[in-house]
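Fold and geometry: a report
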Amino acid sequence: MSGASVLYDVPGPKAVRRNRLLGLVTVLVVLAVVGFIVYRFAVTGQFDAARWNLFTYTLVWQGMAQALWATVSAFLAAGVGSIVLGFVLAIGRLSDHAWVRVPVTLVIELLRAVPVLVMMMIFFYGVNSIPGSTFRMSAYAAVVIGLVLYNGSVLAEALRAGVEALPKGQKEAGYAIGLRKSGVMAFILLPQAIRAMLPVIVAQLVVTLKDTALGFIITYPELIYYAKYLSSQPGRPLLQAGLIVAVIYISMCLLLSGVAKWLEVRTRRSPNVPHGPGGNAAADDESTLTEVIAMQRGAGKFDGTGNGPGI
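The sections below set out a description of the structure shown in this document. Please read all numbers here as calculations on a predicted model, not as lab measurements.

1. Quick word on the overall build of the chain
- Within the chain one finds 13 helices and zero strands.
- Along the chain, helices and strands appear, N-terminal first, in the series α-α-α-α-α-α-α-α-α-α-α-α-α.
- Sorting the 311 residues of the chain into buried and exposed places 35% on the buried side.
- Contacts in the chain between residues at least 24 apart in sequence constitute 71% of all its contacts with a sequence separation of at least 6.

2. Quick look at a nonpolar patch on the surface
- Nonpolar side chains collect at one region of the surface, where L21, V25, V29, V33, F36, I37, Y39 and V43 lie side by side and expose about 750 Å² of accessible area between them.
- Along the chain, V29 turns up in helix α2 (residues 13-43).

3. Section: the nonpolar core
- Of all hydrophobic cores here, the largest spans 33 residues; its most connected members are M64, L223 and L230.
- Contributions of two or more residues to this core are made by α4 (58-93), α5 (98-113), α7 (139-164), α10 (198-211), α11 (223-231) and α12 (238-269).
- By residue number, the principal contributor to this core is α12, which donates nine residues.
- Not counting chain neighbours up to four residues away, the residues in contact with L223 comprise M64, A67, L68, T71, V245, I248, Y249 and M252.
- A70, V116, M137 and I218 belong to the second-largest nonpolar core, a separate cluster that totals 15 residues.

4. Observations concerning the layout of surface pockets
- In this structure, the second largest pocket encloses a volume near 270 Å³.
- Along the walls of the second largest pocket sit 14 residues, with L94, V163, E164, K171 and L189 positioned nearest its centre.
- At the level of elements, α7, α8 (168-176) and α9 (181-196) are the ones that each hand at least two residues to the lining of the second largest pocket.
- Its residues assigned to classes, the lining of the second largest pocket shows eight nonpolar, one polar and five charged.

5. Things to note about the pattern of salt bridges
- If you walk through the whole model with that rule in mind, you get five salt bridges.
- Residue E109 pairs with R112 through a salt bridge whose shortest N-O separation is 3.5 Å. Separated by three residues within a single helix, E109 and R112 lie in helix α5, roughly one turn from each other.
- Under the relative-accessibility criterion, E109 is labelled partly exposed at 38%.
- Judged by relative accessible area, which is 37%, R112 ranks as partly exposed.
- R112 serves as the salt-bridge partner of E157, at 3.7 Å between the closest nitrogen and oxygen. Of this pair, E157 sits in helix α7 while R112 sits in helix α5, and the two are 45 residues apart along the sequence.
- Judged by relative accessible area, which is 13%, E157 ranks as buried.
- When salt bridges with common partners are traced through the structure, they connect R93, E109, R112, E157, R160 and E164 into a single cluster.

6. A few points about the packing of aromatic side chains
- The full count for this structure, using the stated rule, is six aromatic pairs.
- Residues F41 and F47 carry aromatic rings whose centres are separated by 6.1 Å and whose planes lie at 75° to one another, so their mutual orientation is edge-to-face.
- The exposure class assigned to F41 is partly exposed, which follows from its relative accessible area of 24%.
- Since its relative accessible area comes to 43%, F47 is described here as partly exposed.
- Linked through ring pairs, W52, F55 and W61 together constitute an aromatic cluster.

7. Details of the packing of α7 against α10
- Interhelical geometry of α7 versus α10 gives an angle of 170° and a closest axis separation of 10 Å. With respect to each other, α7 and α10 are oriented roughly antiparallel. Regarding α7 and α10, the two cross each other, and that crossing is right-handed. Here α7 contributes L147, Y150, N151, V154, L155, A158 and L159 to the contact with α10, which in turn contributes V200, I201, Q204, V207, T208 and D211.

8. As for α2
- Taking 1.5 Å of rise per residue, the 31 residues of α2 would be expected to cover 45 Å, and the 45 Å separating its terminal C-alpha atoms lies within 8% of that figure.
- Of the residues one or two after α2, G45 is the one with positive phi, at around 75°.

9. As for the environment of T44
- When you line up the elements, T44 lands in the loop between α2 and α3 (49-52).
- With a relative accessible area of 38%, T44 lands in the partly exposed category.
- A polar contact of 2.8 Å, which involves the side chain of T44, links it to the backbone oxygen of R40.
- A distance of 3.2 Å separates the side chain of T44 from the backbone oxygen of F41, its partner in a polar contact.

10. Thoughts on the side chain of S82
- As for its position among the elements, S82 is in helix α4.
- In this structure S82 comes out as buried when scored by relative accessible area, which is 0%.
- Residue contacts for S82: discarding those within four places in its chain leaves L147, V148, N151, G152 and L155.

What counts as what
- Residues numbered from 1 in each chain as written.
- Predicted model: local features only at pLDDT ≥ 70, side-chain atom pairs only at ≥ 80, totals over all residues.
- Heavy atoms only, no water.
- Helix = DSSP H or I, 4+ residues; strand = E, 2+ residues; numbered from the N terminus.
- Buried < 20%, exposed > 50% of the residue type's maximum accessible area, 1.4 Å probe, protein only.
- Contact = heavy atoms within 4.5 Å.
- Patch = residues over 30% accessible without salt bridge, like charges linked within 9 Å, V, L, I, M, F, W, Y side chains within 5 Å.
- Areas by Shrake-Rupley, 256 points an atom, 1.4 Å probe, with all protein chains shown as cover.
- Salt bridge = Lys/Arg side-chain N within 4 Å of Asp/Glu carboxyl O.
- Core = buried A, V, L, I, M, F, W, Y, C linked by side-chain atoms within 4.5 Å.
- 1 Å grid on protein atoms, 1.4 Å probe; cavity = no way out; pocket = protein on both sides within 12 Å on 5 of 7 lines; lining within 4 Å.
- Points joined across faces, edges and corners; volume = space filled by probe spheres on them.
- Nonpolar A, V, L, I, M, F, W, Y, C, P; charged D, E, K, R; others polar.
- Phe/Tyr/Trp six-rings, centres within 6.5 Å; stacked < 30°, edge-to-face > 60°.
- Axes fitted to C-alpha atoms, helices over the stretch in contact; angles between N-to-C directions.
- Parallel < 35°, antiparallel > 145°, perpendicular 65-115°, else oblique.
- Left-handed = near helix turned anticlockwise from the far one by under 90°.
- Expected span 1.5 Å × (residues − 1).
- Polar contact = N/O pair within 3.5 Å; in protein donor to acceptor, adjacent residues only side chain to side chain.

Rendered as structure tokens:
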């Protein structure tokens, strides 16, 4: 009997019919809601050509492209910064030294507790309103720093959870072949944790991309800010601008998810990543390390205790 059949009972004929009926009802309800929304848009004239006339001008799309680049540039900087900060905080969180682990833990919890928008407003309005200070922080810097601090702390917890979820034999095997803690972390634990937590990392990057929209509150000229500007033009095409911006955001999120899926598939097919019959990379890596230790012992390089050459 397979493990799947133990954990999940195969539905019988009645359950299959019930599930199909529930699925059909759900689809009909969703279609009805979407149809009602489209009907209301049509009744209120939201699809009239006059309301979309503004988007026939080249200058409008040039402004949209500039706003898109402002969004993407903030996301790229915040994404890279969040990943780097996440690694640093995760390593500190996993430290064996309490004087490192405790302060880093407090920093992570503090950054996770403060909303992103509050951070942006503190850096933009708070820093720029300090009496006697000549330093001025731009809206771009405030958006990026706020996103880096919050999402970096979240990624740190994800990476820590990925490392702690690995079998203890991973770390012990690394020490047995002569690696120090830094080597075990860099070459054994973190690579596996990244592969295991890749969906979580990508999901948090998608959140980072969407949170760039909060920048419009501090006058950062991204997509939402530009859509709000367009809604103040003649005809007030608020809904039309919102729909276009929504399509752009959805496309970027789907593109990011597609890149993550491609990386996951490429990692699985990589000859440098062993995979066993079960497709469990962690178990395969543990088996590979065990084989390395066995070969080292056979060559007389270790005495079986991991302390050095055998005698």
